[in-house]
Amino acid sequence: MTTELRRITEGNYGVARLTPAPEHGGTFLGQPKFPKAVKNELKLVVQRKNMRNATTTIRNKRALRVTETPNWEDIRQAAYEVKNRVGRHLDYYLEQAEKSLTANGVHVHWARDAEEANRIVGEIAKAKGVQEVVKIKSITTQETDLNEHLEEQGIAAWETDLAELIVQLGHDRPSHIVVPGIHRNRAEVREIFLREMKNYGRPCPEDITSNPPELANAARLHLREKFLRAKVAVSGANFILADTGSLVIVESEGNGRMCLTLPDTLISLVGIEKVLPSYDDLEIFLKLLPRSATGERMNPYNSVWSGVTPNDGPQEQHVVFMDNGRTNVLADPVGREVLRCIRCASCINVCPVYERAGGHAYGSVYPGPIGITLTPQLRGIDDPVDRGMPYACTLCAACVEVCPVKIPFTDIIVHLRNRVADAERKEFSTDVEVAAEKALMKAAAWVLGDYKHWETTMYATRAAGRVVGKHKIGPLPVPVANRWLDYRNVDHIPSQTFRDWWKANRGEEK
Amino acid sequence: MTTTTSPGTRAGTSGLPGAGLDVAVFITCINDVLFPQTGIAMTKLLERLGCRVHFPKEQTCCAQLTTNTGYFKESMGMVESYVKAYSDYDYVVAPSGSCIAAVRDQHPMLAEHAGDKGLMRDVEHTSKISLDISEFLVDVLGVTDVGAYFPHLVTIHPSCHGMRLLKLGDRPFKLLENVKGMTTVDLPAAEQCCGFGGTFSVKNPDMSSTMTADKARHIRETGAEYVVGWDNSCLLSIGGVLSRQNAGVKAIHMVEILANTEED
Ligand code: SF4
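Basis of the calculations
Residues numbered from 1 in each chain as written. Chains lettered and ligands numbered in written order. Predicted model: local features only at pLDDT ≥ 70, side-chain atom pairs only at ≥ 80, totals over all residues. Heavy atoms only, no water. Contact = heavy atoms within 4.5 Å. Buried area = accessible area lost by both parts, 1.4 Å probe. Salt bridge = Lys/Arg side-chain N within 4 Å of Asp/Glu carboxyl O. Near = heavy atom within 4 Å. Nonpolar A, V, L, I, M, F, W, Y, C, P; charged D, E, K, R; others polar. Buried < 20%, exposed > 50% of the residue type's maximum accessible area, 1.4 Å probe, protein only. Helix = DSSP H or I, 4+ residues; strand = E, 2+ residues; numbered from the N terminus. Pairing = 2+ DSSP bridges. 1 Å grid on protein atoms, 1.4 Å probe; cavity = no way out; pocket = protein on both sides within 12 Å on 5 of 7 lines; lining within 4 Å. Points joined across faces, edges and corners; volume = space filled by probe spheres on them.

Caption draft 1: Structural detail: the interface of chain B and chain A. With 71 residues of chain B in contact, the opposing surface of chain A contributes 71 residues. Of the roughly 6,600 Å² buried between chain B and chain A, counting both surfaces, carbon and sulfur atoms make up 61%. Three residues, V33(B), K57(B) and Y71(B), lead the burial of chain B against chain A; their summed loss comes to 11% of the area buried on that side. Here chain B is connected to chain A by seven salt bridges.

Caption draft 2: Region of interest: the site of the ligand. Taken together, 13 residues lie near the ligand, and C341(A), C344(A), A345(A), C347(A) and C403(A) sit nearest. For the shell around the ligand, a count of residues per class yields eleven nonpolar, one polar and one charged.

Caption draft 3: Structural view of the pairing of strand 3 (residues 156–159) of chain A. Residues and elements named next belong to chain A. Neither face of strand 3 is open: one carries A156 and W158, the other A157 and E159, and all of them are buried. Here strand 2 (residues 132–135) pairs with strand 3 via four bridges, running parallel. Its bridge partner lying in strand 3, V133 is registered against A157.

Caption draft 4: Region of the structure containing unusual backbone geometry. Residues and elements named next belong to chain A. At N324, a position not held by glycine, the phi torsion is positive, near 45°. By secondary structure assignment, the location of N324 is in the loop between strand 10 (316–322) and helix 13 (326–330). By relative accessible area, which is 17% here, N324 ends up buried.

Caption draft 5: How the structure looks around empty space enclosed by the protein. Scanning the model with the defined rule gives eight cavities of 30 Å³ or more in all. When its volume is computed, the largest cavity comes out at roughly 490 Å³. The wall of the largest cavity is formed by 32 residues, among which Q64(B), S98(B), F196(B), G198(B) and S233(B) lie closest to the centre. Tallied by class, the residues present in the lining of the largest cavity amount to 15 nonpolar, 16 polar and one charged. In this structure, the second largest cavity occupies an estimated 240 Å³ of space. Sorting the residues of the lining of the second largest cavity by element identifies helix 6 (139–143), helix 7 (146–152) and helix 8 (162–169) of chain A as the ones contributing at least two each.

Structure below.
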């Protein structure tokens, strides 16, 4: 077993469970802040290589699709406007969606938060008397930790998306919103299948190689039993169409189609921002989403369900609209722009920090640029992990360039940092780093707020001697800590500032 | 008040692209202290092209340091200093796409956030007139060949803020293309951030140094003598890693190359 399969434990740590136990019960409780969490991730050489290869491939495929689409910018703009309209009139479109869905025979439920959403889904499943459900990949249900809730209720939730299956069988957590198992390679997948499939259903053939078609076939056979048995399916949604009362799900593997057609009951947990005004809007979004997400012109499976059709497909359908912090996001004029997100992961795939950190270091099911802007808004900034999130970014703006719905990440990140700083301003922090930062920012404000202070400081520090210990690098206006210098040299401190040079060579000040 | 280039150095400027233009330079705090040679090079380059150069002494910093850390209140003195320094000019030129992006995008945001109507009016002017050196040369002076000479093999790191926030496009590349004697070699993964990110490098030192190490590795792969950029903050980080490695590659700001002529 390769060392980086560290998250895998055979069976369930001795705990009696229906499904593989994820590490830390699936939540991110007790996880360290990003800078610390990242230290371990940076050392995982296999994961680093997997991430580098995968993100580079998807990035390039996306770029190719975008360059071959002549009116890409117009489509982006159209999506931007539709989504902004949805945000402005969210109440209206949600009520319209509820009416249309109900008219189509769909039961509509409303959940204020994750707990309520889980409870509603659990109750529906329990009322059906089932012990298991099949699932279509849905990050919204990861956000609420639905699988663990169902496990507690004695209901096994089986992931059927290949990458999600790899994560579930690996006792792991998703590290990407489109490809949850992006951090794994074929050899690791083979090892996971060999070890774990037998504990939860049809075993993996003993002589399997790491050839992708063989792995896919093993997954297909393992899952088929579950598809054929299942009475209830749980999904998310890519879009809900308010005018026709339709649920739209796009996918690549057909597992979604299986879940949408075989079981009698379909429960869809949907964030309230997923509503689109009209069926006609799909034209825009079905162009943007596959090209941005997987670099395909079209998804292999595009399902649009407009309610119950007698004797065809699920005869009982439920849509659970969930807030879970989204209305708080909507209330923030700067932050609300993230609600346009269609979860394509383009921003994640181009993020140089994500490429190296992987998805687990963030402490959220939403990693990368969308994660650090959405999560602290959904969850609030009371927890140190959430406060640290907006700082896990160099502001390089690569994400701003690719986002199909034009989310201005860098502006939002700076805005969220301001919210964090303002919160910390009001509190006495026992965190030395926070206290040091506050002091430093105050000092910077004084030194740089007036050129006289700036000049005085430059002369004073120079007069005090430019070498005070080997780490002293002069009156540098950035807070260069020793650890910065652990990795880099600062070669020379010029003996003359520009200001001095100007005075000496371009005349006296008046 | 400000001081200007002494009239003597402007003898016979007529016919030069910058003749008759008054230009205020924004040196930026990091260049003032750590890279004075960049400011000097920019001054000499602008003078060579016929501009009358001014250095308003009220200038300090673009305020990114505090703004990007989330401390908006602490930024206001710097924004006000900027307004005081440059309100009377038509052109402000800086050797930093990053600082100009802060002036253009963040100063209006900060003034609005502070609810200061007067400052909002003031920054509307100063943010509009502030240009990165390559914008000024290409768009205002209309030159892409500044008569520079630099007989070296270089590779180019296109700093993120210039490329993505200012959308400098091919301006810096065009200016560098016309430098006599210089050969350019493509940098692998050039568009990836160097990992500096201001306070990011302090708050996330491990990630930052990992990113800079990758950048340095790509630079070394090219075999270039110099890595050229247009933001000294990135170059401070990249150059610092290269120096630690004794890599035999030096980081240099674009204006230092552009200021260099065969006579130097
Ligand atoms: S924020 Fe934009 S780029 Fe990122 S996942 Fe959402 S839609 Fe895609």
